[in-house]
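# Notes for the structure review
If you want the building blocks of each chain, they are given just below.
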Amino acid sequence: MELIGYTCSYTPVELLAATGFKPYRLLHGNVGFITLGEKSVRVDACPLVKSNLGYIMANQKKFAAVVGSTGCDMARRMFDVLKELTNIPVYLFNNPRTDKPTIFYDEIDWLAGELECLSNKKINSEILGTEIDRWENARNRYRRLDQKRASNPSLISTADFHRAVMNYHKGEIGSAININENQSDKPRIYLLGSSIPYEANQILELLELDLAIVGDFNCGISRFLNINIKEKSLNGIKVAYYNQPPCIFKRPNQPFYEFIGTQIKELECKGIIAWTLDYCDSYEFELKRIGRIFELPVLRIRSDLSFQNLSQLKTRIGAFAEMLA
Amino acid sequence: MTEILNPRERFGLLVIDEKPDRCNIIPLITSHAATVAGIKLKEYYTDGEAMAKAQITAIEEYEHDAISIFSEVGIIAEAMGSEFNYPDDDLPVLRIPALTKFDIDKLKIPDPNKDSRLPVYLEAIEYAYSAVGDKIPILAYVPAPFTTGMMLSDPNQFLLDTIRNPEQIKKIIEISLEAAIEFSYEIINAGGLPILVDPLASGSVISPKAYQEFALPGEQGLIKFLHRYDFDVILHICGDTTPILDLLLLTGADLISLDKVELNLAIERLAPKMRIIGNFNTTKLGFGSPDGIASQVREMVKHGIKAEKGYIASTGCEVPIRAPTGNVKVFISAAKEAGWFLD
Amino acid sequence: MPRCWLKEFMKSTWFEVARPQKIDLNDWSQHFRLVRDEQIKEFNYYHNPEWGIYLSPPATFMVYGARELKRLKFDNSLASLRMWGFVFNESERLFRAKQMGKRVIATMGDLGTVPVIIMAFPNCIPFYPECIWWTPFFKESTVLLDTATELGIPEAACFSKATLAAFHKKAYFPKPDLIFASTGASCDDYSCIMQLVNDLGYEMLWLEIPFRRHNDEQYPDRFEEYLISEYERVWNKMVELTVINDKTGLIPSIKKANRLRSLAERIKQLTYEAPITPLPALELMTIEFGNLYGYADLDEWLDIVEMINETVAKRVEKGIGVLKQNAIPIAWITPSADPLLLNLVEDCGLRIVGTEYVINQALVPIEENVEPFRALARSFMKASLIGSTQERIKRIIEGVKNERIKGVLVTNMLGCSHCAMETRLIEKMLSKVPVLSIDVPVPFGITEQLRTRIAAFAETLR
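Report on the accompanying structure. (Residues numbered from 1 in each chain as written. Chains lettered and ligands numbered in written order. Predicted model: local features only at pLDDT ≥ 70, side-chain atom pairs only at ≥ 80, totals over all residues. Heavy atoms only, no water.)

With that out of the way, let us pick up the overall build of chain B. Summing up its helical and strand segments, chain B has 15 helices and 10 strands in all. In terms of C-alpha radius of gyration, chain B reaches 19 Å, essentially the compact-globule figure of 20 Å for 343 residues. Viewed in the frame of its principal axes, chain B has a C-alpha envelope of about 60 × 40 × 40 Å. Out of the 343 residues in chain B, the part that is buried amounts to 62%. Long-range pairs, those at least 24 residues apart, make up 70% of the contacts in chain B between residues at least 6 apart in sequence. Total accessible area on chain B is roughly 12,500 Å²; 50% of this is exposed by carbon and sulfur atoms. Put simply, chain B has 32 plus and 49 minus side-chain charges, and the middle of one group is 2 Å from the middle of the other. (Helix = DSSP H or I, 4+ residues; strand = E, 2+ residues; numbered from the N terminus. Rg over C-alpha atoms; globule rule 2.2 N^0.38 Å. Buried < 20%, exposed > 50% of the residue type's maximum accessible area, 1.4 Å probe, protein only. Contact = heavy atoms within 4.5 Å. Areas by Shrake-Rupley, 256 points an atom, 1.4 Å probe, with all protein chains shown as cover. Lys, Arg positive; Asp, Glu negative; His and termini not counted. Charge placed at Lys NZ, Arg CZ, Asp CG, Glu CD.)

Contacts between the two partners involve 36 residues from chain B, matched on the other side by 37 residues from chain C. The junction of chain B with chain C conceals about 2,900 Å² of combined surface from both sides, 48% of it contributed by carbon and sulfur atoms. Summed over the shared surface of chain B and chain C, the result is six salt bridges. Across the pair Arg67(C) and Asp134(B) runs a salt bridge, and its minimum N-O distance is 3.7 Å. (Buried area = accessible area lost by both parts, 1.4 Å probe. Salt bridge = Lys/Arg side-chain N within 4 Å of Asp/Glu carboxyl O.)

Turning our eyes to something else, we now look at the packing of helix α12 (residues 263-270) of chain B against helix α14 (residues 290-304) of chain B. Residues and elements named next belong to chain B. Running from N to C, α12 and α14 cross one another at 15 degrees; their axes reach a closest spacing of 10 Å. As judged from the angle between their axes, α12 and α14 are roughly parallel. As α12 packs across α14, the resulting crossing turns out to be right-handed. Where α12 abuts α14, its residues Leu263, Asn264 and Ile267 lie against Met300, His303 and Gly304. (Axes fitted to C-alpha atoms, helices over the stretch in contact; angles between N-to-C directions. Parallel < 35°, antiparallel > 145°, perpendicular 65-115°, else oblique. Left-handed = near helix turned anticlockwise from the far one by under 90°.)

Accessible area lost upon the coming together of the parts serves often as the stated size of an interface. Between chain A and chain C, the contact holds 47 residues from the first and 55 residues from the second. Of the roughly 4,300 Å² buried between chain A and chain C on both sides combined, carbon and sulfur atoms contribute 53%. The largest share of the area that chain A buries against chain C comes from Arg42(A), Arg77(A) and Phe285(A), three residues that together contribute 20% of it. At the surface where chain A touches chain C, the tally comes to eight salt bridges. In this structure, the connection of chain A to chain C is made through 30 residue pairs in polar contact (both at pLDDT 80 or more). Looking at the side of chain A that touches chain C, the elements with two or more residues in it are α4 (73-85), β4 (90-93), α5 (101-119), α11 (281-284) and α12 (287-294) of chain A. Per-class residue counts for the side of chain A that touches chain C are 17 nonpolar, nine polar and 21 charged. (Polar contact = N/O pair within 3.5 Å; in protein donor to acceptor, adjacent residues only side chain to side chain. Nonpolar A, V, L, I, M, F, W, Y, C, P; charged D, E, K, R; others polar.)

Moving on: the sheet that holds strand β5 (residues 138-143) of chain B. By definition, the strands of a sheet pair up through backbone hydrogen bonds, in either a parallel or an antiparallel sense. Residues and elements named next belong to chain B. Sheet architecture is open: eight strands sit in the order β1-β10-β9-β8-β7-β6-β5-β2, paired in parallel fashion. Two strands bound the open sheet, and with one partner strand each, they are β1 (24-25) and β2 (67-69). Strand direction decides the pairing type here: strand β8 (residues 255-257) and strand β9 (residues 275-280), joined by three bridges, are parallel. Paired with Ile256 across the two strands is Ile276, which belongs to β9. In the packing of helix α6 (residues 118-132) onto the sheet, the strands contacted are β2 and β5, and the crossing angle to β5 comes to about 165 degrees. (Pairing = 2+ DSSP bridges.)

Residues and elements named next belong to chain B. On the surface, a cluster of negative charge is contributed by Glu43, Asp47, Glu123 and Glu126. Assignment of secondary structure puts Asp47 in the loop between α3 (41-46) and α4 (48-62). We classify Asp47 as partly exposed; its relative accessible area is 30%. (Patch = residues over 30% accessible without salt bridge, like charges linked within 9 Å, V, L, I, M, F, W, Y side chains within 5 Å.)

A separate point is the environment of Ala37(B). Residue and element names in this part refer to chain B. Tracing the chain through its elements places Ala37 in helix α2 (residues 32-37). Each C-alpha atom, one on Ala37 and one on Leu263, is 32 Å from the other, the two residues being 226 residues apart in sequence. Not counting chain neighbours up to four residues away, the residues in contact with Ala37 comprise Ala54 and Thr57.

Attention shifts here to the pairing of strand β3 (residues 103-107) of chain C. All names here are of chain C. The buried fraction of β3 amounts to four of the five residues, a majority that puts the element mostly inside the structure. Note that β3 and strand β4 (residues 124-127) share four bridges and pair parallel. Looking at β4, one finds that Ala106 is bridged to Phe127. For β3 and strand β5 (residues 178-184), the ladder comprises three bridges, and the chain directions are parallel. From the neighbouring strand, Thr107 faces β5, where its bridge partner is Phe180.

With that settled, the discussion passes to the packing of aromatic side chains. According to the stated counting rule, one finds 51 aromatic pairs over all chains in the structure shown. Ring geometry for Phe256(A) and Tyr257(A): centres 5.2 Å apart, planes at 90 degrees, overall edge-to-face. Taken as a pair, Phe256(A) and Tyr257(A) share a single burial class, namely buried. Here the aromatic rings of Tyr128(C) and Tyr293(C) are separated by 6.2 Å at their centres, their planes lie at 90 degrees, and the arrangement is edge-to-face. Of this pair, Tyr128(C) sits in the loop between β4 and α8 (135-138) while Tyr293(C) sits in the loop between α14 (281-290) and α15 (298-318), placing them 165 residues apart in sequence. Considered together, Tyr128(C) and Tyr293(C) belong to a single accessibility category, that of buried residues. Each residue in the set Phe217(A), Phe256(A), Tyr257(A), Phe259(A), Tyr283(A) and Phe294(A) is aromatic and connected to the rest through ring pairs, giving one cluster. In this arrangement the basic side chain of Arg251(A) is found over the ring face of Trp206(C), its NZ or CZ atom lying 5.6 Å from the centre. A cation over an aromatic ring shows up here: Arg96(C) above the ring of Trp51(C), its NZ or CZ 5.1 Å from the ring centre. (Phe/Tyr/Trp six-rings, centres within 6.5 Å; stacked < 30°, edge-to-face > 60°. Lys NZ or Arg CZ within 6 Å of the ring centre and 35° of its normal.)

Below, the discussion takes up unusual backbone geometry. Of note, the bond from Asn152(A) into Pro153(A) is cis; its omega dihedral lies within 30 degrees of zero at 5 degrees. Arg251(A) connects to Pro252(A) through a cis peptide bond whose omega is -15 degrees. For Pro252(A), the location among the structural elements is in the loop between α9 (234-242) and α10 (254-266). The phi dihedral of His47(C) falls on the positive side, at around 55 degrees, and the residue is not glycine. Mapped onto the elements of the fold, His47(C) is located in the loop between α3 (37-42) and α4 (58-63). Overall, the relative accessible area of 69% leaves His47(C) in the exposed class.

Before going further, it helps to examine the sheet that holds strand β3 (residues 63-69) of chain A. Residues and elements named next belong to chain A. Pairing within the open sheet is parallel, and its four strands lie in the order β2-β1-β3-β4. Pairing within the sheet leaves two strands with one partner each, and these edge strands are β2 (22-25) and β4. With strand direction ignored, the average angle separating the axes of adjacent strands in the sheet is 25 degrees. Summarising the sheet, β3 and β4 pair through four bridges and their orientation is parallel. The partner of Gly68 across the bridge, within β4, is Leu92. Each of β3 and β4 is contacted by α4, which is oriented at about 160 degrees to β4, the strand it contacts most. The sheet strands contacting α5 are β1 (3-6), β3 and β4, and the helix crosses β4 at an angle near 170 degrees.

Let us now look at the environment of Asn178(A). Inspection of the secondary structure assignment puts Asn178(A) in the loop between α7 (158-169) and β5 (188-193). You can call Asn178(A) exposed: its relative accessible area is 71%.

It is worth spelling out the side chain of Ser77(C) at this point. All names here are of chain C. Here Ser77 lies in the loop between β2 (74-75) and α5 (78-88). Here Ser77 falls in the buried class, since its relative accessible area comes to 6%. One polar contact links Ser77 to Ser80, side chain to side chain, over a distance of 3.0 Å. Ser77 has contacts with Phe15, Trp28, Thr311 and Arg315, leaving out every residue within four places of it along the chain.

Written out as structure tokens, the structure is:
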């Protein structure tokens, strides 16, 4: 089955799936793909964007299309590069930045029309309804798991959870989910920041040697669980995706902080892991503010996705955990 | 309180009639910088790089708000032919005035890039500007025409001639003005902000009538030149300028640095039109106790910051060469304490 | 001939007879002595001859801390002197505006057309806070950049981070009465910086910029409608501030903006097409950026640009200019944060005949026979940043195709998100000509190595 790649949490997977193609979240963080991507962009580009670019270039035949958004400049510009270097149809929509849904709603209408042309298929309410059910059911399964992760004490590690949700992000929502429960009494922390690629699972494992990540707001882990489609229609999709907790690049971004603050309190977290990718303006600019607003110890982890400094990171994590204990 | 501005920014706000975070603090740390840097005075006033480095050391030590490039008021006169003695550990002393050697017609406008110690000044300015000029204003003190005129002459004869031979004095002042303009021109190109010093025009030396007839036109001429550059011009006259307060308003100066004048009086008469600089008694800085200095400075600044067009906390005259560094530090910290503008 | 008469004669005619050339600060100081007192008083901003004079030589601003002026070279016309005095005086002008009771409105540069709306209100002065990114270079100082780092912005971030420091220090412009900031298909760096400015306690109105998926002629009407609704929000906010609600003010504001745009365009065309370059690249770039908001006094800026236009036209007519006739024509993509680079490129025998300075929204004419907000929206839809890279450089591609442009120089800023992604793509799209991509170093950071690279690039083109 051919794939429709997508980059953004505001992309309605149900709409992509309605085309008959498999939605595939572009979340690769692999040195090999980064090297490939660096042939087309500068070294100081986001490693995730480079890696995704490299992945697409190496697997062009798999993609029927790639859908992206104006999530950040680099993610947006990736599509300029794809247009120039490949024949893959690309679709870029405006994702919501302020409190005005009009643009986003119109963009979803536009995207639906484009996907119909791409797939040569009328995306009617029946098809949409079916996909909404499928994906909502999938999300419910992961929500149940997430509740175990969030419980006190936590019963599921985020590393395991991340491995499980990869199936969702790769469009394999029918796959079985097998996670062993394992109670953790380690210090409870919240993870936020840049996207967590598939290959970054090793970082989560490293973190959870000493800590228990009980909640997150990262693309690539549980953000998708905030999508709750109540009405089985395109309108229902628009409303649900628009009303998900906002990205940090929403302006002003106080609602982002309010949401995270509530989460941290409910999950009884003692600390925060701020994970940023190199050159991720949206998060790197906010790191100081994150520390100030949440009044919790923050461990900053900056990564170029080469995962070369793991032993140094292990030491830092250990020290952080000791501080929280 | 935390300072968020650097001296450059602070001074910049003052001269466009905006309140900075706190008042500028610029005690006249000139040759005293040699003491702070631990170098002989002769090295200070004959070596531009040494002068600049000493000033930078002083700024690092005291954290005040400007660098002051200056040694003594005879510098232009010397370049025009007056001869000075250079003691090792004191400032140059006038030995033979130029006009006791030759006629006024033989006086030449000096080339600041070549003649006498004018290049020392320029070198000091360039060095300081290059090192810290982005953060700290570089003030270069230019002797005003009347003061230079007196340094070109036998001082007693000069003063007598203001009555007996006024036209001769005016000629001397005219040529001194030209020399000061050329010197200021090069100072500007080096990166310094020329400030006028006219200590020999003070009420302690000459009458208000003599000031108006001879010193004032010289100051006006130089200030007019500097105003072409849109500079805000500082005029410093030490001593007692109470008798000529109203005349100071006619100079065109934008900031007036005062010495033995009642600060409140100066604020009342001058502050609507000029920014006030001053005016802590330098003798007290040289010999006073730290506690005494601190309370007096606080009191002075408390009044000074009410000046309508703005205020710079300073000393009435140059900080004594051998003033205890502890006293100078107390001056500055007390001024900082009292000088905040609270919104 | 009496000496004083000769002096006056020289003062009045020198600028007319002087051969055009680029001169340094010392030369300008010398020539400035020939400028008459009346000329200095003649030019003032906000019609205030008391403190509004701005005709000063570069030395004035150098003394006040703009250290790079010691190394820069400028055009030697009176018009250019006037321009530089005016531009460097901007910070003071903004403070004076506020002192006079005018409203000072910060509008992010991406917005381009918002200043036109602001200027429809009497006594309202728009300005572009990100302009402060030039300041570290003119001052050869990292003060603002270091402050930005202390405030939390990472070191590897675009130089526009100086904006946050400027808002924090309050010493570079007065506290704005309103701030309009942009998000969406604009610039992440700017948007992130303004979010932090918001966090400092400055209220602002955020405008959402739609991404123009298509070319600048064929986009869905709804994009215009979005922009119009955003402009309505700007208008309402301004009405709230000024208690004036008269949309007829938009018409003269648009006319003025168009007058400026057409003058700037004429100067550019004259300069690009003349056999001998009549105006240096640094002055030309300053004129282009002036289109954004007129450096806080649009009327005076218009007058200055008219004067420059006359100067350039005269030089073209006489066949004289500031560079050698054999200077090689190149295009420049993305503005150089460091003005010295523009001097350097010309010193190496190149001339700039095409630019893409990411401000196309301020260069294109605004329609005058259409409802004003729609006209503004349409002109904004031609903005550089809101579309694809391919669209952005299409004029440069055209210039390469018709052999007007022999080479292209692309400047990058470390940490700039657009540069990181676009540069290689641009190089590929312009593969028919040599392309030199350079990273703008930190203030006072231009090395011999960089000079050598530019010189080698010029040699390649030769």
